[in-house]
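Examination of the molecular architecture
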Amino acid sequence: MTTFKLSKIPTSTRIIIAMAMGLLIGSFSNTLYSTVNHLADAFVMLLQMTALPYISLSLMVGIGGLSASKAKSALKSSILLVILLIALMLCFILMAPLSFPNWQTAEFYSANTIKVSQEFNIIELFIPSNPFNAFANAVIPSVVFFSVFIGVGLMPIKNKRQTLAVLSNLKQSVSNISHLVMRFAPVGIFCIGWRAASTLDASQLDGLMIYVASALVLTLLLAFVVFPALLATVTPFGYRAILKASREAMITAFATGSFFVVIPIIVEKTKQLIATQYPDTENADKVSDVIVPISYSLPVGGKLLSLLFVLFAAWFSGAYISFEDYVKLVVIGIPQLFGTSTLAMQNLLEIFNVSHTMFDFFLVSENLVVGRLSALLSVTFASCLPLLVATSMAKAFTLKKKALIKYLLIIPALSVLSFISLKYAFSSISYQYEGYVKFIERDFLMDNVNSKYLDKALDNSETVKPSIGVLTRIKQRGFIRVGYFRDDLPYSFHNNKGKLVGFDIEIMNQLAIDLNVGIEFVKIFRNQARALLASGYLDITTGVPVIPDNMTKFTLTMPYSSQNLAIIVKDKRRAEFTQWDNILQRDDLILGIPESFYYEKGIARTFTHGKAWEISTPRLFFKAEFAHIDAMLFGAAASSAWTLLNPSYTVVVPKPELAPLFMAFPINKNDHSFELFMRNWITMKQQSKTIDKLFNYWIKGDSSLAKQKQ
């Protein structure tokens, strides 16, 4: 009787099983345990731990072992050919989003909504004034640049064999650590799958499949049609011979999900193929020894699929990608890919202001199938590059007219057919925009008290005497009376059941609970608040920005939250509002500013060219009769809520980022005891993390908090 051993199951199979189990458990579990989250983060960090040392050592050893003459002869042709192949791949990658369906998408506010990416400085990115700082902060292009120069410095040294041996041993030790980490891959991938599934919904999984299908079609086109056909057209190597030479490596790379492990196979197979065509050309067959290992560190092959994910993430998050963004993606994105895609992706998502929730999407897709497709595509790229370089060194480029005509017909036709088929398949997916539904269906996260709602202040409100202190009046009345403002998303609004909810509304409910009273909400206009508070009819209102105009009207509590200034604009006009200098210098712009954010003197002092119009409610900005207003200045959190209801608009935080505006509750000017009570109460709720939890739920849309409540 034979016993079953887990160790006999291939690692790739165990990873697939672990991912499937994680996704299954996560999809049915309402709770994401902190241990699962920590293990997922730990596994990602372990993978990243060995990436930079290996890249650096590999480049030092690979370049340092070359002679000057050999390096010079290969360098010229290699650089040009790499650029041409990258350009060819980019053409297909940048065309892929044309097949994405026209879904309405938008996302909740997140810290990334207000994150202003750093200005791109190519000199600082590539040239490290302090190499140790580059290593410590994972500045991959700087690490690569430094390592290349160390390798170049080793080249002319005569007695370098011992040094190269030490570096090679270090490289091998780092590789051994990577293999050790991969032993825990099933556990890490299981936790990643659990975490991702617990935060994904059906519509997100539909979107994920769109990325996977796009990556699959691109890989099949490039790996089995475009690259081998290109070589078969301009080199002596035949189409079948090229695929035969790379076949074994492609299968192994796809099965293991690793391009690194098949580098020796690629080197040997391409050397054999080169030797059959150029047996008498000196060093031609040695090109593979140099080109293939170095290509592992270059932003080529399957690594470029990461750019497709950035485009997918931007589309899925509802961001409009302009031509300028495509250029930025290529110029900034490619240098980031000198390292691992996992390490680069977080930076790329930050650059394009895409929520970090998409990073889990990336990890899931990579470990499901895209990582394997990436490895397969990298094999094809790494197999074709030395064949082209060897042909260039042998000066044997020839244009095969029959092959050229054949492939000029096949490749465009097959590409167009593939993208049209994708577009048709994606369009057939049943999808409904759920941003509004997710927003409007939310209920209180915590306990709430008996509430009463009035659509307007009662007629006798002006006769209420304010002589009694607020706390005393609340106790005598048995409830606290709170004024809330119209169109104050996401701070106060009525959900799909007609219940008054929102960030400020739930904070007021917590206040009523602590005072052991009920609560009465009164809908008011902003210009009513001052008189209603002064008369004693209202005890407090929902929050307003702490700006001089509001400070002169009310006594404000200490701040309980903050909002960064942002601009709401049509998706297609996002690029016009990325710089404050450009906005303020334009004479043709009309900027709408809701009255709660309208600081009259500050506006007059700042907007000396364009026009700034005060509007009573942000709702007006989205109406057709106010189409002459180009954009609206508002808080980032509130802006995100309005774009959920109007997904054709987007939130932009112009550079440089301005200081945030604090939010506070207006109260009666003369009641210092209530002001002191609210100061201590807000401090207490901040220390207990109650306000943070409510902020994450109402403003950031963290649905996992609601699941934990259940």
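Here's what I pulled together on the structure shown here. Keep in mind that this is a model prediction, so the values were computed, not measured. (Residues numbered from 1 in each chain as written. Predicted model: local features only at pLDDT ≥ 70, side-chain atom pairs only at ≥ 80, totals over all residues. Heavy atoms only, no water.)

Some details on the environment of M446
Inspection of the secondary structure puts M446 in the loop between α19 (435-440) and β1 (451-454). By relative accessible area, M446 is classed as buried at 19%. When the C-alpha positions of M446 and K693 are compared, they lie 9.9 Å apart, and in sequence the two are 247 residues distant. (Helix = DSSP H or I, 4+ residues; strand = E, 2+ residues; numbered from the N terminus. Buried < 20%, exposed > 50% of the residue type's maximum accessible area, 1.4 Å probe, protein only.)

Focus on the sheet that holds strand β10 (residues 565-570)
Read from one edge of the open sheet, five strands run β12-β11-β13-β10-β14, paired in mixed fashion. Of all strands in the sheet, those bounded by a partner on one side alone are β12 (611-615) and β14 (649-652). Adjacent strand axes in the sheet meet at a mean angle of 30 degrees when their direction is disregarded. As judged from the two bridges shared by strand β11 (residues 590-594) and strand β13 (residues 631-635), these two strands associate in the parallel manner. Paired with L591 across the bridge in β13 is A631. (Pairing = 2+ DSSP bridges. Axes fitted to C-alpha atoms, helices over the stretch in contact; angles between N-to-C directions.)

Let's talk about the nonpolar core
The biggest cluster of nonpolar side chains holds 102 residues, and the ones touching the most others in it are L307, F309 and F312. Among the elements that take part in this core, helix α17 (residues 357-393) stands out by supplying 20 residues, more than any other. Among residues more than four places away in sequence, those in contact with F309 are Y211, M345, L349, M358, F361, F362 and S365. Formed by 75 residues, the second largest nonpolar core is a distinct cluster that contains V482, F521, I547 and Y560. (Core = buried A, V, L, I, M, F, W, Y, C linked by side-chain atoms within 4.5 Å. Contact = heavy atoms within 4.5 Å.)

A word on the side chain of T391
Of note, T391 is situated in helix α17. Looking at T391, the relative accessible area reads 0%, which means it is buried.

Things to note about empty space enclosed by the protein
Counted by the stated rule, this structure contains four cavities of 30 Å³ or more. Computed from the structure, the largest cavity encloses a volume of approximately 110 Å³. If you go around the largest cavity, you meet 14 residues; those closest to its centre are R486, R526, E595, S616 and T617. (1 Å grid on protein atoms, 1.4 Å probe; cavity = no way out; pocket = protein on both sides within 12 Å on 5 of 7 lines; lining within 4 Å. Points joined across faces, edges and corners; volume = space filled by probe spheres on them.)

Some details on unusual backbone geometry
A negative phi angle characterises most non-glycine residues, just as the trans form characterises most peptide bonds. Of the consecutive residues L489 and P490, the connecting peptide bond is found in the cis state with omega at -10 degrees. Along the chain, the position of P490 falls in the loop between β2 (479-485) and β3 (493-494). In this model, D487 sits at a positive phi of 50 degrees, which is unusual for a non-glycine residue. Its location among the elements puts D487 in the loop between β2 and β3.

Overview of helix α14 (residues 305-316)
For α14, spanning twelve residues, the distance from its first C-alpha to its last is 16 Å, which sits close to the expected 16 Å at 1.5 Å a residue. When you tally the buried positions in α14, you get twelve out of twelve residues, the bulk of the element. Within the span of α14, buried status applies to L305, S306, L307, L308, F309, V310, L311, F312, A313, A314, W315 and F316. (Expected span 1.5 Å × (residues − 1).)

Focus: the pairing of β11
Among the five residues in β11, five count as buried, and that is most of the element. Relative to β12, β11 is paired through five bridges, and the arrangement is parallel. Directly across from G592, in β12, lies its bridge partner W613.

Everything listed here is a matter of geometry and, on its own, says nothing about what the molecule does.
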